[in-house]
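# Per-entry structural report
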Amino acid sequence: MKLFDVYPLFDINIVKGKGCHVWDDEGTEYLDLYGGHAVISIGHCHPHYVEMMTKQLNTLGFYSNSVINKLQQQVATRLGKISGYEDYTLFLINSGAEANENALKLASFHNGRTRVLSAQKAFHGRTSLAVEVTNNPKIIAPINDGGHVTYLPLNDLPAWEEELAKGDVCAVILECIQGVGGIKMVTKEFAQGLSRACKKYGTVLICDEIQCGYGRSGKFFAHQWLDIEPDLITVAKGIGNGFPMAGLLISPMFTPVYGQLGTTFGGNHLACTAALAVMDVMEQENLVENAHKVGTFLLEELKKLKGIKEVRGRGLMIGMEFEEPIKELRLKLLKEHHVFTGVSGTNVIRLLPPLCLSMEEAKEFLVRFQRVIS
Ligand SMILES: Cc1ncc(COP(=O)(O)O)c(C=O)c1O
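Description of the structure in this document.

Here is what the cut-offs are and how they apply
Residues numbered from 1 in each chain as written. Predicted model: local features only at pLDDT ≥ 70, side-chain atom pairs only at ≥ 80, totals over all residues. Pairing = 2+ DSSP bridges. Helix = DSSP H or I, 4+ residues; strand = E, 2+ residues; numbered from the N terminus. Axes fitted to C-alpha atoms, helices over the stretch in contact; angles between N-to-C directions. Parallel < 35°, antiparallel > 145°, perpendicular 65-115°, else oblique. Contact = placed C-beta atoms within 7 Å. Nonpolar A, V, L, I, M, F, W, Y, C, P; charged D, E, K, R; others polar. Expected span 1.5 Å × (residues − 1). Buried ≥ 20, exposed ≤ 12 C-beta atoms within 10 Å, placed from the backbone. Arc of directions from axis to C-beta.

Here we take up the sheet that holds strand S1 (residues 14-18). If you walk across this open sheet you meet the four strands as S1-S2-S3-S15, and the pairing is mixed. The sheet is open, and its two borders are formed by S1 and strand S15 (339-340), each paired with just one other strand. Note: strand S3 (residues 29-32) against S15, two bridges, orientation parallel. Following the sheet pairing, Leu31 is matched in S15 by Val339.

Laid out in structure tokens, this is it:
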């Protein structure tokens, strides 16, 4: 059997990782400014993570959600503290799309409505509702095109207020820094106006923090830069440092109902252990502060470089937009200078390194990057 061929791949076989570096099967070392798509938060193969996961695997890998799993409560307690949302509750699942799917479902159970507002260029995942609120017709299959969603321009508050005022909108879903959309930033004025309008018209505000959250922006959540409090917050990617896991943080206005939400694998023992190990390291190594410090340095230095149309971002979520397509430039950076980066569309390079990127590694990246763009 062959693999279903849906990914355009680089011809590189990564077999080893440590911190912000990975190695291919020929022993070539690469600087990882991509973090396996913003997933590696505390660095590859962190010894504390490896030790905790190994120990858990030798104790119990999995049991179902029909029995008490005290690790889940430990994750909830720690996540409440670290994020500043101690009064919210937590529902655990396995992927970002699943988190958004459950958020939209919960919003609809809550207010009985079915319309959703989403931003132009938004990306929220590939399952039925998550893909419907994703503004990319190429990945919305006819069966997912349920007519629930209106896409609106980011930061155009009057346009969103006009739709909300109709009184029939179930939920607004928003990335406070758009990832796939090209590192587009939500303004404070827009976020606060939107939050007020959602409250006024009984609409649930969902912040998708799957890529921009979990410390990446230099605060625990990107929306915390904008001083808003969403009703639902979705997290994934960095929460497990590569172990598939996701979470839905739920405000106290929602009442849980037995059986309404559920999952076989969500919140299993290994996933919870991964999340606990990640939070240990984030706290011990001050990784949110590090993301802020190193990210601010990188942003400032990148803005000084000639040949880039615009540099955008916050913390270790950075986009560099070029006048021309960056395919060749990115390939050269990878093949000749051994740096992994991400991409948005055709003209934007995306940096999503592990949150432990050091100043030295950031400087090393700048040296290699300058060689390519000069
Ligand atoms: C903002 C955002 N939301 C949702 C998702 C979907 O997450 P997953 O691929 O884990 O389903 C992604 C993935 O890239 C994302 O960037």
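For the pair helix H6 (residues 157-164) and helix H7 (residues 188-200), the least separation of the axes is 10 Å and the interaxial angle reads 10 degrees. With respect to each other, H6 and H7 are oriented roughly parallel. Across the interface between the two elements, Leu157, Trp160, Glu161 and Leu164 from H6 touch Phe190, Gly193, Leu194, Ala197 and Cys198 from H7. Considering only residue class, the contact of H6 with H7 consists of seven nonpolar, one polar and one charged.

Turning to helix H9 (residues 287-304), a few remarks are in order. In this model, H9 (18 residues) spans 26 Å end to end at C-alpha, consistent with the 26 Å of a helix rising 1.5 Å per residue. Among the residues of H9, those classed as buried are Leu287, Val288, Asn290, Ala291, Val294, Gly295, Leu298 and Leu302. Summarising the axial view, the buried residues of H9 lie within an arc of 140 degrees, below the 170-degree limit, and thus occupy one face. Along H9, exposed side chains directed more than 90 degrees from the buried face belong to Glu300, Lys303 and Lys304. Tucked into the core, H9 has its buried residues touching helix H8 (269-284), strand S13 (310-314), strand S14 (317-321) and helix H11 (359-373).

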